[in-house]
Amino acid sequence: MGKTILVVDDEQSIVTLIKYNLEQSGYKVITAFDGEEALLKAMEESPDLIILDWMLPKLDGMEVCKNLRQQKLLTPILMLTAKDEEFDKVLGLELGADDYMTKPFSPRELLARVKAILRRLQIPVKEETEESGKNSLQVIDLQIYPEQYEAYFKNELLELTPKEFELLQYLVENKGRVLTRDQLLSAVWKYDFAGDTRIVDVHISHLREKIEENTRKPQYIKTIRGLGYKLEEPKTL
């Protein structure tokens, strides 16, 4: 059986549809129909991905997402919403969701998102050796170990969601290069269809909060107005 996915929605028909298509693609699916049940199953079952509806009984999707992140559960979260307001989408990402989809959506699109989110989580775990310890990327006080899926800043382990880690790694690998939002969206999220570049902006903001002394005057991740972002070595710390 493949990766385990927790599907949370209060509409039985939507859960049934998502569950069927995921199982047909080889995933193990567990379900929940309200926010409290979602929290319980997320903590007990340790799924590889959570598909979480915005509007839920007892606790809404925002509260579930916020609670999971506060409990240091970094499982990727794909938020489902029937709303189209920009504020709702960005708020979900700010609270810790990795991505969102607006209803209605096709099963094909959902599976593409799921595969994109899970693709780079399948990293082989290697024993810590002297040689593997050398396989790291470093920019001043920022150090990344791709094989261990870990990043450190000033020798302290950063608590990053999978997408935050992948974005940071890509920025470091391309140190000094100006990267457009579309480039980052394609490289990190790997969508086979048009995405929303605001996802990039929110995740950049999250990274800055974790590695910048002053997020208004970032030293590592610079905004290149009208183009995108660039990671560089700080001139002064």
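Throughout, residues of each chain are indexed from 1 in the direction in which the sequence is written. Side-chain atom pairs in this predicted model are given and counted only at pLDDT of 80 or more, local residue features only at pLDDT of at least 70, and totals for whole chains, interfaces and linings cover all residues. Side-chain calculation: all heavy atoms of the structure are included, whereas hydrogens and water are not.

1. What to know about helix α7 (residues 162–173)
Then comes step 1: The way it works is that DSSP assigns letters per residue, a run of H or I at least four long becomes a helix, a run of E at least two long becomes a strand, and they are numbered from the N terminus. Expected span, for any helix, means 1.5 Å times one less than how many residues it has. Between its first and last C-alpha, α7 extends 16 Å over 12 residues, near the 16 Å set by a 1.5 Å rise per residue.
Then comes step 2: Buried residues dominate α7, accounting for 10 of its 12 residues.
Then comes step 3: Relative accessibility decides the category of a residue: with a 1.4 Å probe and only protein chains considered, values under 20% of the type maximum give buried, values over 50% give exposed, and everything between is partly exposed. Those residues of α7 that sit buried are Pro-162, Lys-163, Glu-164, Phe-165, Glu-166, Leu-167, Leu-168, Gln-169, Leu-171 and Val-172.

2. Focus: the pattern of salt bridges
Then comes step 1: Between Lys or Arg on one side and Asp or Glu on the other, a salt bridge is scored when a side-chain nitrogen of the former is within 4 Å of a carboxyl oxygen of the latter. What the rule picks out here adds up to 16 salt bridges.
Then comes step 2: A salt bridge links Arg-113 to Glu-109, with the nearest nitrogen and oxygen atoms 3.7 Å apart. Residue Arg-113 and its partner Glu-109 are located together in helix α5 (residues 107–119), separated by four residues, close to a single helical turn.
Then comes step 3: Since its relative accessible area comes to 8%, Arg-113 is described here as buried.
Then comes step 4: Of the charged contacts in the structure, one is a salt bridge between Lys-222 and Glu-232, with a shortest N-O distance of 2.8 Å. One end of the pair, Lys-222, is in strand β11 (residues 221–224); the other, Glu-232, is in the segment after β12 (228–231), and 10 residues separate them in sequence.

3. Some thoughts on the nonpolar core
Generally speaking, soluble globular proteins have nonpolar side chains that are buried together.
Then comes step 1: For our purposes a nonpolar core is just a set of buried Ala, Val, Leu, Ile, Met, Phe, Trp, Tyr and Cys residues, chained together by side-chain atoms within 4.5 Å. Core analysis: the largest hydrophobic core is formed by 49 residues, its most contacted members being Leu-52, Leu-142, Leu-168, Leu-171 and Ile-221.
Then comes step 2: With six residues, helix α9 (residues 198–211) is the largest single contributor of residues to this core.
Then comes step 3: Should any heavy atoms of two residues lie within 4.5 Å, those residues are considered in contact. Ignoring anything within four residues of it in the chain, the contact list for Ile-221 reads Leu-171, Ile-204, Leu-207, Arg-208, Ile-211, Glu-212, Tyr-229, Lys-230 and Leu-231.
Then comes step 4: Grouped together as the second largest cluster of nonpolar side chains are 18 residues, Ile-5, Val-7, Leu-49 and Leu-80 included.

4. Some details on helix α1 (residues 12–24)
Then comes step 1: Over its 13 residues, α1 extends 18 Å from the first C-alpha to the last, a length consistent with the 18 Å expected when each residue adds 1.5 Å.
Then comes step 2: Buried within α1 we find Ile-14, Val-15, Ile-18, Asn-21 and Leu-22. Buried residues along α1 cover an arc of 140° about the axis, so they all sit on one side. Exposed positions of α1 whose direction lies more than 90 degrees from the buried face are Ser-13 and Gln-24.
Then comes step 3: On its buried side, α1 packs onto β1 (4–8), β2 (28–32), β3 (49–53), β4 (77–81) and α5.
Then comes step 4: Count one or two residues on from α1 and you reach Gly-26, which has phi positive near 95°. This arc is taken over the directions from the axis of the helix to the C-beta atoms.

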